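Inside the fold
Each chain is listed here by its residues.
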Amino acid sequence: NNYSKALTLESVASEVFLNPQYFSRYFKKHTGLNFIEYLSKIRVTKAKTLLSTTNNSINNIGLSVGYIDQSYFTKVFLKYEGVTPLKYRLMLIF
């Protein structure tokens, strides 16, 4: 629910009263992904929805899913989707 906030492994671990190292191992054991990978996948999935359902700018979409830096948002999106957010949006049109 809080994917768009500035989340860190440490901040989430403290919310559930666990040591960050223990939380990290527990999280990966139960999800198969480390915390940052899991968060990135959620953010990219939400960004894909926004790219396909709104006319918001790429920058605004990146901000709304939790990325302050547009170039970092593009880099993460490219890593998980194989295309940039702009290319993804253009592929939906054509």
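Residues numbered from 1 in each chain as written. Predicted model: local features only at pLDDT ≥ 70, side-chain atom pairs only at ≥ 80, totals over all residues. Heavy atoms only, no water.

1. Quick look at a nonpolar patch on the surface
Taken together, the side chains of Val 16, Leu 18, Tyr 22 and Tyr 26 present a nonpolar region at the surface, about 350 Å² in accessible area. By the secondary structure assignment, Leu 18 is in the loop between helix H1 (9–15) and helix H2 (20–31). On the basis of relative accessibility, which here comes to 31%, the residue Leu 18 falls in the partly exposed class. (Patch = residues over 30% accessible without salt bridge, like charges linked within 9 Å, V, L, I, M, F, W, Y side chains within 5 Å. Areas by Shrake-Rupley, 256 points an atom, 1.4 Å probe, with all protein chains shown as cover. Salt bridge = Lys/Arg side-chain N within 4 Å of Asp/Glu carboxyl O. Helix = DSSP H or I, 4+ residues; strand = E, 2+ residues; numbered from the N terminus. Buried < 20%, exposed > 50% of the residue type's maximum accessible area, 1.4 Å probe, protein only.)

2. Focus on the packing of aromatic side chains
Across all of its chains, the model carries 9 aromatic pairs by this definition. On the basis of an interplanar angle of 65° and a centroid distance of 5.9 Å, the ring pair of Phe 73 and Phe 77 is categorised as edge-to-face. Of this pair, Phe 73 and Phe 77 are both found in helix H5 (residues 70–81), 4 residues apart, which corresponds to roughly one turn of the helix. Accessibility classification places Phe 73 together with Phe 77 in one group, the buried group. A centroid spacing of 5.6 Å and a plane angle of 70° characterise the contact between Phe 77 and Tyr 88, whose relative ring orientation is edge-to-face. Residue Phe 77 is found in helix H5, and its partner Tyr 88 is found in helix H6 (residues 85–93); the two are separated by 11 residues along the sequence. Residue class for Tyr 88 comes out buried when judged on its relative accessible area of 15%. Counting every residue linked through ring pairs, the aromatic cluster contains Tyr 67, Tyr 72, Phe 73, Phe 77 and Tyr 88. Above the face of the Tyr 67 ring, Arg 43 is positioned so that its terminal group lies 5.1 Å from the ring centre. (Phe/Tyr/Trp six-rings, centres within 6.5 Å; stacked < 30°, edge-to-face > 60°. Lys NZ or Arg CZ within 6 Å of the ring centre and 35° of its normal.)

3. Some details on the packing of helix H3 (residues 35–53) against H6
Running from N to C, H3 and H6 point in directions that differ by 45°, and their axes come no closer than 9 Å. When the interaxial angle is binned, H3 and H6 end up oblique. In this structure, H3 crosses over H6, and the sense of that crossing is right-handed. Facing H3, whose interface residues are Lys 48, Leu 50, Leu 51 and Ser 52, H6 presents Pro 85, Tyr 88, Arg 89 and Leu 92. Along the lines of polarity and charge, the residues of the contact of H3 with H6 split into 5 nonpolar, 1 polar and 2 charged. (Axes fitted to C-alpha atoms, helices over the stretch in contact; angles between N-to-C directions. Parallel < 35°, antiparallel > 145°, perpendicular 65-115°, else oblique. Left-handed = near helix turned anticlockwise from the far one by under 90°. Contact = heavy atoms within 4.5 Å. Nonpolar A, V, L, I, M, F, W, Y, C, P; charged D, E, K, R; others polar.)

So, to be careful, I would describe these as geometric facts and stop short of saying anything about function.
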